[in-house]
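# A structural walkthrough
What follows is the residue order along each chain.
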Amino acid sequence: MQRGNLDDLLAFVAVGRERSFTKAAAKLGVSQSALSHTIRELEERLGVRLLTRTTRSVSPTEAGERLLRTVAPRFEEIEAELDAVSELREKPAGTIRITATDYAADTILWPKLTKFLRQYPDIKVEIVIDYGLADIVAQRYDAGVRAGEQVAKDMIAVRIGPDIRMAVVGAPSYFRNRSEPKTPQELIGHNCINLRLPTHGGLYAWEFEKGDRELRVRVEGQLVFNGTFQMLNAALAGFGLAYVPEDLAQPHFARSRLKRVLEDWCPPYAGYHLYYPSRRQSSAAFSLLVDALRHRG
């Protein structure tokens, strides 16, 4: 069957069901005159009148009723099968791109994704490590992961991790010939391991808080990295003080491989959040991922 005949039959079925050119045209998204022309061409091609038209109503002729009885159910079956295929398509699938720091990816995302990805094998996740505050819309990410206070106000933010506490740490070998800093200001005299933030091109200022006092200290040192784990490794090797998440350094405290200083200046703060544009149309796969990552502690 030619495509034109199929389109004409679909038009006829719509008019026959609605008993109205006006309603059928609106349903099909065409003009009433175009629909009338289509039906007229179909009747001419078949050599039989299919519809009786009056100023107030439209009704099928005997030939039209017969065609409607035989053709309409076939189209209904086709529509049902298309719906069934659509439901298969709507099963969670697709690629979700997320930007996150290496620490968030390793400690928050990956432990939850291992179970999620096994449960939904058709969903693909791409994680891009980035310490900058990326424009997720411009860079075509589906979502980003950042600490709570770093999330823009126009974004939807979903908490995916517990509170975080930072720690200033150094190896015992580093402190052999140096006194421990008692205040953040005393870091100026120490060899500190810096973190570079790609977005701003500058070095991250270490943030401290005690009571109602808040300080940001720009430290100096021999090494600069753009990843947390490299900073920790350098501190373990005795190359200076590092400012890293507490839980990352915790295993090394018990083994006396790292020593902590300025603990009373490092209170907990809002943990990691998954954020995405409020205007984003969520797919089934994305909604499932958000729910899987949601923090429930």
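The notes below deal with the structure included here.

About the criteria used
Residues numbered from 1 in each chain as written. Predicted model: local features only at pLDDT ≥ 70, side-chain atom pairs only at ≥ 80, totals over all residues. Heavy atoms only, no water. Core = buried A, V, L, I, M, F, W, Y, C linked by side-chain atoms within 4.5 Å. Buried < 20%, exposed > 50% of the residue type's maximum accessible area, 1.4 Å probe, protein only. Helix = DSSP H or I, 4+ residues; strand = E, 2+ residues; numbered from the N terminus. Contact = heavy atoms within 4.5 Å. Expected span 1.5 Å × (residues − 1). Bend = angle between axes of the 7 residues up to and from the residue. Pairing = 2+ DSSP bridges. Disulfide = S-S within 2.5 Å.

Soluble globular proteins: nonpolar side chains tend toward being buried together. The biggest cluster of nonpolar side chains holds 59 residues, and the ones touching the most others in it are Leu-109, Val-145, Val-168, Val-169, Leu-187, Trp-206 and Phe-208. Top element by residues in this core is helix H5 (residues 102-119). It accounts for 7 residues. Once residues lying within four places of it in the same chain are set aside, the contact partners of Leu-187 are Val-168, Pro-181, Cys-192, Trp-206, Phe-208, Val-219, Leu-241 and Leu-262. Within the second largest apolar cluster, 20 residues are counted, among which are Leu-9, Ala-14, Leu-42 and Phe-75.

With that settled, the discussion passes to the environment of Gly-211. Relative to the helices and strands, Gly-211 is located in the loop between strand S10 (206-210) and strand S11 (213-217). Among the residues examined, Gly-211 registers a relative accessible area of 70% and is labelled exposed. As a C-alpha pair, Gly-211 and Trp-265 span 54 residues in sequence and 8.8 Å in three-dimensional space.

Before going further, it helps to examine H5. Taking 1.5 Å per residue as the helical rise, H5 with its 18 residues ought to reach 26 Å, and the 24 Å between its terminal C-alpha atoms agrees with that figure. Most pronounced at Leu-109, the bend in H5 amounts to some 45°, and the proline Pro-111 follows within four residues. Regarding H5, the residues found buried are Asp-102, Tyr-103, Ala-104, Ala-105, Ile-108, Leu-109, Leu-113 and Phe-116.

Note that S10 and S11 share 5 bridges and pair antiparallel. Along S11, the bridge assignment pairs Phe-208 with Leu-215. Between the antiparallel neighbours S10 and S11 lie 2 residues, among them Gly-211 with a positive phi of about 65°.

Time to look at the state of the cysteines. Summed over all chains, the structure comprises 0 disulfides. For the unlinked cysteine Cys-192, the closest cysteine sulfur is that of Cys-266, found at 12 Å.

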